[in-house]
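Here are the chains, one letter per residue:
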Amino acid sequence: MKLRKKNGMMILMSLALLMSGGCTGQQEDAEVQQDQPVDTLQIGMSFDSFVIERWLRDRDLFDATARNLGAEVNVQVANGDVEEQIAQIRYFIQKDMDVIVIIAVDGESMKEVVEEARKKGIRVISYDRLLMDSDTDLYISFDNKKVGTLMGEAMVQALPEGGNIFAIYGSPTDHNVSMVEEGFLEVIRDTGLNIVYSQYCDNWLAELAFDAVEEGLSQTPRNIVGVMCGNDDLASQAFRALAENRLAGKVVLVGQDADLSACQRIMEGTQTMTVYKPMEELAGRAAEFACALGYEKMEQEGRITESEIPDQLTGVQETLEQLETISDGTYEVPYYALDPIAVTKDNMDEVIIASDFHTREDVYLNVK
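This one's a predicted model, so the numbers in the text were calculated from it and none came from an experiment. (Residues numbered from 1 in each chain as written. Predicted model: local features only at pLDDT ≥ 70, side-chain atom pairs only at ≥ 80, totals over all residues. Heavy atoms only, no water.)

**Q** Help me out: how do you make sense of the packing of aromatic side chains in this one?
**A** On inspection of all chains with the given rule, the structure shows nine aromatic pairs. Residues Y276 and F357 carry aromatic rings whose centres are separated by 5.0 Å and whose planes lie at 65 degrees to one another, so their mutual orientation is edge-to-face. Placement of the pair is Y276 in strand 10 (residues 274-276) and F357 in the loop between helix 12 (348-353) and helix 13 (360-363), with a sequence separation of 81 residues. Classification of F357 as buried rests on a relative accessible area of 8%. An aromatic cluster of at least three residues, connected via ring pairs, comprises F47, F50, W55 and Y127. (Phe/Tyr/Trp six-rings, centres within 6.5 Å; stacked < 30°, edge-to-face > 60°. Helix = DSSP H or I, 4+ residues; strand = E, 2+ residues; numbered from the N terminus. Buried < 20%, exposed > 50% of the residue type's maximum accessible area, 1.4 Å probe, protein only.)

**Q** What is the right way to read the nonpolar core from this model?
**A** If you look at the biggest cluster of nonpolar residues, it comprises 78 residues, and the most contacted ones within it are I43, F62, Y127, I140, I168 and V227. Broken down by element, this core gets its largest block of residues, 11 residues, from helix 10 (residues 279-300). Beyond its immediate stretch of four places on either side in the chain, I43 contacts F62, A66, A71, E72, V73, N74, M97, V99, V101, A290 and C291. Judged by nonpolar contacts, the second largest core, of 15 residues, contains I100, V114, V124 and L131. (Core = buried A, V, L, I, M, F, W, Y, C linked by side-chain atoms within 4.5 Å. Contact = heavy atoms within 4.5 Å.)

**Q** I tried to follow the pairing of strand 8 (residues 226-229) on my own but got confused; where do I start?
**A** A regular strand places its side chains so that they alternate between the two faces of the sheet. Of the two faces of strand 8, the one holding G226 and M228 and the one holding V227 and C229 are both buried throughout. In terms of strand pairing, strand 6 (residues 163-169) meets strand 8 through four bridges, oriented parallel. Within strand 8, the position partnered with I168 by the bridge is C229. Judged from the three bridges that link them, strand 8 and strand 9 (residues 252-254) form a sheet pairing that is parallel. Note that in strand 9 the partner of G226 across the bridge is V252. In this fold, the crossover linking strand 8 to strand 9 by way of helix 8 (residues 232-244) has right-handed handedness. (Pairing = 2+ DSSP bridges. Right-handed = clockwise from strand over helix to strand, strands pointing away.)

**Q** Would you take a moment to explain the sheet that holds strand 7 (residues 193-200) for this structure?
**A** Strand pairing within a sheet occurs via backbone hydrogen bonds; the two strands may be parallel or antiparallel. In space, the four strands of this open sheet follow the order 7-6-8-9, with parallel pairing throughout. The sheet is open, and its two borders are formed by strand 7 and strand 9, each paired with just one other strand. Pairwise comparison of adjacent strand axes, ignoring direction, gives a mean angle of 15 degrees for this sheet. Relative to strand 7, strand 6 is paired through seven bridges, and the arrangement is parallel. Across the sheet, N164 pairs through a bridge with N194, a residue of strand 7. Strands strand 6 and strand 7 of the sheet are contacted by helix 7 (residues 207-219), whose axis makes an angle of about 155 degrees with strand 6. Here helix 8 sits on the sheet and contacts strand 6, strand 8 and strand 9; the angle it forms with strand 8, its principal contact strand, is near 155 degrees. (Axes fitted to C-alpha atoms, helices over the stretch in contact; angles between N-to-C directions.)

And the structure:
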């Protein structure tokens, strides 16, 4: 009887050990599976700076869309330093990013580093500003020549009798600036509007616009009827200079980007118009294109299968293949252009407030 009890105890202990060993093995297998890295689409995004108000909005919208499509976004900002931006892009290359999106400090200085990225199979996108002689996989922006056209049309409409005007352009290293200038000059040609003073603002530094207007006024005091500014940030400083010379509201002022301060000035009557560029559409489409290019790269490398590409990207690759091209000086680059919209006091509610770009309370803050 005792022997039977002893044998029974031994059998139970053996079963317990076997079960314990089996559980340990399953736990180890689970831990191994958890330790296996998940192959996630990696996107590097390099910004010129966050000096311009809109870039923070672009960053957040791009990041949210890309993450919703399963990508991880690493954002770097160069603070207007070309060499710093090149170093940050090389960091992305070392980290084996699948896609690099560049908002260039100087669109003519990226050729070498873009070539390094492309040699490693990394897809490169020119975001808003065209990278010259770089043969990027995509250039996505607004129709910048049309931006200049809209500015010119607003100026002509407000000043049918013509007169002397200032042109305060953005950074000379930003290719978009030349396109905006081209569109603006085409419209005002032979209209009686004469540019008597013009200046470029390096790195889009708004303070330079204040200095430019002051200098222009010293050369042609009290004899100007309009100021064209490359964006609303520059227009803010131009407005300050005009105000200090008691010309605010008496001189037609135009800009672009639909910054809140510009929209407020329009309702107050001290700025005539701005150009609204739906950033959510630009950032969202750019993120979709970046993910489509990135997942295509991952599939070609055998890292994912076609079935693992998000359904939301169905048709995006086809759109990429059907895009028209634009010359970057050497190569023809696929080009996706969005339409800008002129905004005045007459359509502020319809365009800006209805789209929730700014709230009515904010836009009308200083209007009784």
